[in-house]
Amino acid sequence: MNDSDGPPGPTGLKGVLESPIVGMSPWIVFSLVVGPGRFEIAVALALACTVVLVAAGRLLNPGSSWKILEVSDLVFFAGLAVVGALAGQGTLRWLETYAGEVSNIALVVIVFGSMAVGMPFTLQYAREQVDPAHWHTPGFLRTNHVITCVWGLAFLVAAVSGAYGDIVLRDPNDLWTGWIIQILAIVAAIRFTDWYPKVVRARVLRERGEPLAEEPGLSGLLLPLAGLLVPVGIAVLIFENTWGGLSLIALGSVLTKILRD
């Protein structure tokens, strides 16, 4: 964005590849796929996703700098692939059960570690999409710190949820702890990454006296999450509890209607 202190939304394939959400995708794929009997396929998919994204980014933008997340992707998933290839059956069973939590905790460390050293990981992506004049403005830096923090919290929620399912419930495939809560946390972070810069942009434009700068409401953030309750309810209806599933479907439908009005 050239007219405010917040990062812009990506445009075109090149812009999409410069989005931090795309940089997160190998981790998201891995954390959602991994489980008993699925460690090798989860690592293969995540590593393949990483290689494709890095290669595509370099081909479309040869001058692009290496990012904390890209390096972390390559090192982490290549390392897991080696460990998985050399591990015995006992270690492999442990990885099948807990690798999802390991990856989420690793992400939490990477995300908050990047903030601790003054380089929130989203900043590297945002700088490639804005004029260098905005790189050190307070609003631009604050926006990236906030978005990075939200991603860290999302993966912390996913790690705690997965650990609860594995350690307390002793069920890595529990629908709620292994899938629903983690997916909702990730979707919330994705939506926030899209919504919050628009809020910052509107505020900056208002401060400059732009009369038509309308700040997006909370409905823009919450509407996709409310809509997601419907497929979640269908999944619960099919795999777990009839009344619980029907309740979630009804709640999602009602909230979606309220937020749209």
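All values derive from a computational prediction rather than experimental measurement. (Residues numbered from 1 in each chain as written. Predicted model: local features only at pLDDT ≥ 70, side-chain atom pairs only at ≥ 80, totals over all residues. Heavy atoms only, no water.)

**Considering the nonpolar core**
Moving on, step 1. Membership of the largest hydrophobic core comes to 38 residues, with the highest contact counts inside it found for Met24, Trp27, Phe30, Phe39 and Trp151.
Moving on, step 2. Not counting residues within four places of it along the chain, the set of residues in contact with Phe39 comprises Phe30, Val34, Leu80, Gly84, Leu92, Leu95, Glu96 and Ala99.
Moving on, step 3. Counting 7 residues, the second-largest nonpolar core is a separate cluster that includes Leu175, Ile180, Val232 and Val236. (Core = buried A, V, L, I, M, F, W, Y, C linked by side-chain atoms within 4.5 Å. Buried < 20%, exposed > 50% of the residue type's maximum accessible area, 1.4 Å probe, protein only. Contact = heavy atoms within 4.5 Å.)

**A look at helix α5 (residues 89-116)**
Moving on, step 1. Here α5 contains 28 residues, and its C-alpha end-to-end distance of 38 Å stays within 8% of the 40 Å for a straight helix at 1.5 Å per residue.
Moving on, step 2. Most pronounced at Tyr98, the bend in α5 amounts to some 60 degrees. (Helix = DSSP H or I, 4+ residues; strand = E, 2+ residues; numbered from the N terminus. Expected span 1.5 Å × (residues − 1). Bend = angle between axes of the 7 residues up to and from the residue.)

**Concerning the packing of aromatic side chains**
Moving on, step 1. Summed over all chains, the structure comprises 9 aromatic pairs.
Moving on, step 2. Between the aromatic rings of Trp151 and Phe155, the centroid separation amounts to 5.8 Å while the plane-to-plane angle is 25 degrees, which identifies the pairing as stacked. One end of the pair, Trp151, and the other, Phe155, are both in helix α7 (residues 138-168), 4 residues apart, so they sit about a helical turn from each other.
Moving on, step 3. For Trp151, a relative accessible area of 0% translates into the label buried.
Moving on, step 4. Between Phe192 and Trp195, the aromatic rings sit 5.9 Å apart at their centres with planes inclined by 50 degrees, giving tilted as the arrangement. With Phe192 and Trp195 both in helix α8 (residues 175-207) and 3 residues apart, the pair spans about one turn of that helix.
Moving on, step 5. Given a relative accessible area of 14%, Phe192 falls into the buried group.
Moving on, step 6. Look at Trp195 and you get buried, because its relative accessible area is 12%. (Phe/Tyr/Trp six-rings, centres within 6.5 Å; stacked < 30°, edge-to-face > 60°.)

**What to know about the environment of Thr148**
Moving on, step 1. By secondary structure assignment, the location of Thr148 is in helix α7.
Moving on, step 2. If sequence neighbours within four positions are ignored, Thr148 has contacts with Val111, Ser114, Met115, Pro120, Phe121 and Thr122.

**Focus: the side chain of Asp166**
Moving on, step 1. With respect to the helices and strands, Asp166 occurs in helix α7.
Moving on, step 2. Within the buried set, Asp166 has no salt-bridge partner at all; the shortest N-O distance to an opposite charge, 8.8 Å, is to Arg38.
Moving on, step 3. When near neighbours in sequence (up to four residues on either side) are disregarded, Asp166 contacts Thr97, Tyr98, Glu101, Asp171 and Pro172. (Lys, Arg positive; Asp, Glu negative; His and termini not counted. Salt bridge = Lys/Arg side-chain N within 4 Å of Asp/Glu carboxyl O.)

**Here's the deal with the confidence of the model for the chain**
Moving on, step 1. Here the chain averages 85 in pLDDT, and 92% of its residues register 70 or above.
Moving on, step 2. Note that pLDDT drops below 50 for residues 1-11; the model gives that stretch 47 contacts with residues more than four away or on any other chain. (pLDDT = per-residue confidence, 0-100.)

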